[in-house]
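The lines below spell out each chain.
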Amino acid sequence: MHITQRHLSITVLAAAMALGLAACGNKDDKKVATQVAAKVGSEEISVHQINQVLSRSGAGANSAQGVQAMGRDVLEKLIDQQLAVDQATENKLHRSPDVVAQIEAARRDILARAYIQQITSTTTKPTADETKKYFADNPALFSERRIYNVQEIVVPNTAGVADLLRPLATAGRPIEDAATLLKGKNIQFGGGSATRAAEQIPLEILPRIHALKDGQSILVEAPQTITLLRVVSSQSAPVAQDAALPRIEQFLLNQRAGETVSANLKQLRASTKITYMGEFASAPAAATAPEAAPAAAAAPNAAATKSTIEKGVAGLK
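So, how was this worked out
- Residues numbered from 1 in each chain as written.
- Predicted model: local features only at pLDDT ≥ 70, side-chain atom pairs only at ≥ 80, totals over all residues.
- Heavy atoms only, no water.
- Helix = DSSP H or I, 4+ residues; strand = E, 2+ residues; numbered from the N terminus.
- Buried < 20%, exposed > 50% of the residue type's maximum accessible area, 1.4 Å probe, protein only.
- Contact = heavy atoms within 4.5 Å.
- Areas by Shrake-Rupley, 256 points an atom, 1.4 Å probe, with all protein chains shown as cover.
- Axes fitted to C-alpha atoms, helices over the stretch in contact; angles between N-to-C directions.
- Parallel < 35°, antiparallel > 145°, perpendicular 65-115°, else oblique.
- Nonpolar A, V, L, I, M, F, W, Y, C, P; charged D, E, K, R; others polar.
- Arc of directions from axis to C-beta.
- Polar contact = N/O pair within 3.5 Å; in protein donor to acceptor, adjacent residues only side chain to side chain.
- Left-handed = near helix turned anticlockwise from the far one by under 90°.
- Patch = residues over 30% accessible without salt bridge, like charges linked within 9 Å, V, L, I, M, F, W, Y side chains within 5 Å.
- Salt bridge = Lys/Arg side-chain N within 4 Å of Asp/Glu carboxyl O.
- Core = buried A, V, L, I, M, F, W, Y, C linked by side-chain atoms within 4.5 Å.
- Pairing = 2+ DSSP bridges.

Draft legend 1. A look at the overall build of the chain. Within the chain one finds 10 helices and six strands. Each of the 317 residues in the chain was classed as buried or not, and the buried ones make up 32%. In the chain, 72% of the contacts between residues at least 6 apart in sequence involve partners at least 24 apart. Only carbon and sulfur atoms are counted for the fraction: they give 55% of the accessible area of the chain, which is about 20200 Å².

Have a look at this one:
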């Protein structure tokens, strides 16, 4: 699950734990007590560990009583975790190749994320004029937003297939006609129907789909596939500027951060010797992922699939 990281101050929780854990003694004893929430055998669970879990869960929006209750629940889970860790260590599971590999993978992921966060922490927010311009430049996402009921057929991009399907797209023929034609020529294909809001459609093809009237079709050619897409019906669902601007701001901020990361990694690649080995020595470069649109309205995230129309992302991650 993706969890937004926010700084969280839980003085109330720390104070409550201090009251429960502090024993009579000098000031140093009390200071130590406030930092330890529980002991599991000889291992300690600190208030700091609880704070970290709470900060990742976004507990700051809760009341002081709610945070305290969540802190107690987190502590119990950390106790269970420590018990499991102790048993794993006793059984020498931390030495098994698979566990060692997973620990190293987690370490690499944490360090990489920390570096990415560091280089994107100074990304400037877009100005009000920039967000308004994006709204004005993308009517298909906002002022003229539509929800589309579409049908599609997806075939491998082989010689002659585009020329075979293009007349059907131009004439707006029913999708069943294309299926019959392909079957008659023993060409394998996939297909289906779906309902997609504008923001769930890849930005690179949205203007083409937005230009279609109900009953019209387009042919979308990609390196590996060709998609015949027909708009069966659509309905207008515009989004007001005031509602769209916060989402646009977040989208543009994420976009800038992504560009910063890409530029930084490109520079690092240029200054570092990278040698592909074995079967990867002649591997083709990875394709660039399609750009995601900012969510125009409250909509669930669309999972990416091989189908062209389902490659979009609804909302911001």
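There is more to say after this.
Draft legend 2. Main features of the packing of helix 6 (residues 128-137) against helix 10 (residues 241-271). Direction vectors running N to C along helix 6 and helix 10 enclose 105 degrees, while the axes themselves pass 9 Å from each other. Considering the angle they form, helix 6 stands roughly perpendicular to helix 10. Packed against helix 6, whose contacting residues are Glu-130, Thr-131, Lys-132, Tyr-134 and Phe-135, the element helix 10 presents Gln-241, Ala-244, Leu-245, Ile-248, Glu-249, Phe-251, Leu-252 and Arg-256 at the interface. Considered class by class, the residues forming the contact of helix 6 with helix 10 number seven nonpolar, two polar and four charged.

Draft legend 3. Structural view of helix 3 (residues 47-57). Along helix 3, the residues classified as buried are Val-47, Ile-50, Leu-54 and Ser-55. For helix 3, the arc enclosing every buried residue in end-on projection is 135 degrees, short of the 170-degree limit, so these residues lie on one face. Positive phi appears at Gly-58, one or two residues downstream of helix 3, with a value of about 70 degrees.

Draft legend 4. Structural detail: the environment of Arg-146. Tracing the chain through its elements places Arg-146 in strand 3 (residues 146-156). C-alpha separation for the pair Arg-146 and Ala-197, spaced 51 residues apart in sequence, amounts to 6.3 Å. Beyond its immediate sequence surroundings of up to four residues, Arg-146 is in contact with Ala-140, Arg-196, Ala-197, Ala-198, Ile-209, His-210, Leu-212, Asp-214, Ser-234, Gln-235, Ser-236 and Ala-237. Within the local environment of Arg-146, its side chain forms a polar contact with the backbone oxygen of His-210, the two atoms lying 2.7 Å apart.

Draft legend 5. Summary view of the packing of helix 5 (residues 97-120) against helix 10. Where helix 5 meets helix 10, the closest approach of the two axes is 9 Å, and the angle between their N-to-C directions is 115 degrees. The angle between the axes of helix 5 and helix 10 places the two elements in the roughly perpendicular class. Crossing of helix 5 against helix 10: the hand is right-handed. Residue-level contacts link Tyr-115, Ile-116, Ile-119 and Thr-120 of helix 5 to Ala-257, Thr-260, Val-261, Asn-264 and Leu-268 of helix 10.

Draft legend 6. Region of the structure containing a nonpolar patch on the surface. On the surface, a nonpolar cluster with roughly 230 Å² of combined accessible area is contributed by Tyr-115, Leu-265 and Leu-268. Positionally, Leu-265 belongs in helix 10. Given a relative accessible area of 39%, Leu-265 falls into the partly exposed group.

Draft legend 7. Region of the structure containing the nonpolar core. Residues Tyr-134, Ile-209 and Ile-248 are the most contacted members of the largest nonpolar core, which totals 24 residues. Of all elements in the fold, only helix 6, strand 3, helix 9 (206-210), strand 5 (217-221), strand 6 (225-236) and helix 10 reach the threshold of two or more residues within this core. Sorting elements by how many residues they give to this core places helix 10 first, with five residues. Among the nonpolar cores identified, the runner-up in size contains 14 residues, and Ala-169, Ala-178, Leu-182 and Ile-226 belong to it.

Draft legend 8. Geometry of the sheet that holds strand 4 (residues 190-197). Strands sit in the order 4-3-6-5 across an open sheet of four strands; the sheet is antiparallel. Lying at the two open borders of the sheet, with one neighbouring strand each, are strand 4 and strand 5. Mean inter-strand twist for the sheet, computed between neighbouring axes without regard to direction, equals 25 degrees. The sheet strands contacting helix 8 (residues 175-184) are strand 3 and strand 6, and the helix crosses strand 3 at an angle near 5 degrees.

Draft legend 9. Highlighting the pairing of strand 5. Counting buried residues along strand 5, four of its five residues qualify, which places the element largely inside the surrounding structure. The sheet contact formed by strand 5 and strand 6 spans five bridges and is antiparallel. In the sheet register, Glu-221 faces strand 6, and the bridge partner there is Ile-226. Here strand 5 hands over to strand 6 after three residues, the two strands then running antiparallel side by side.

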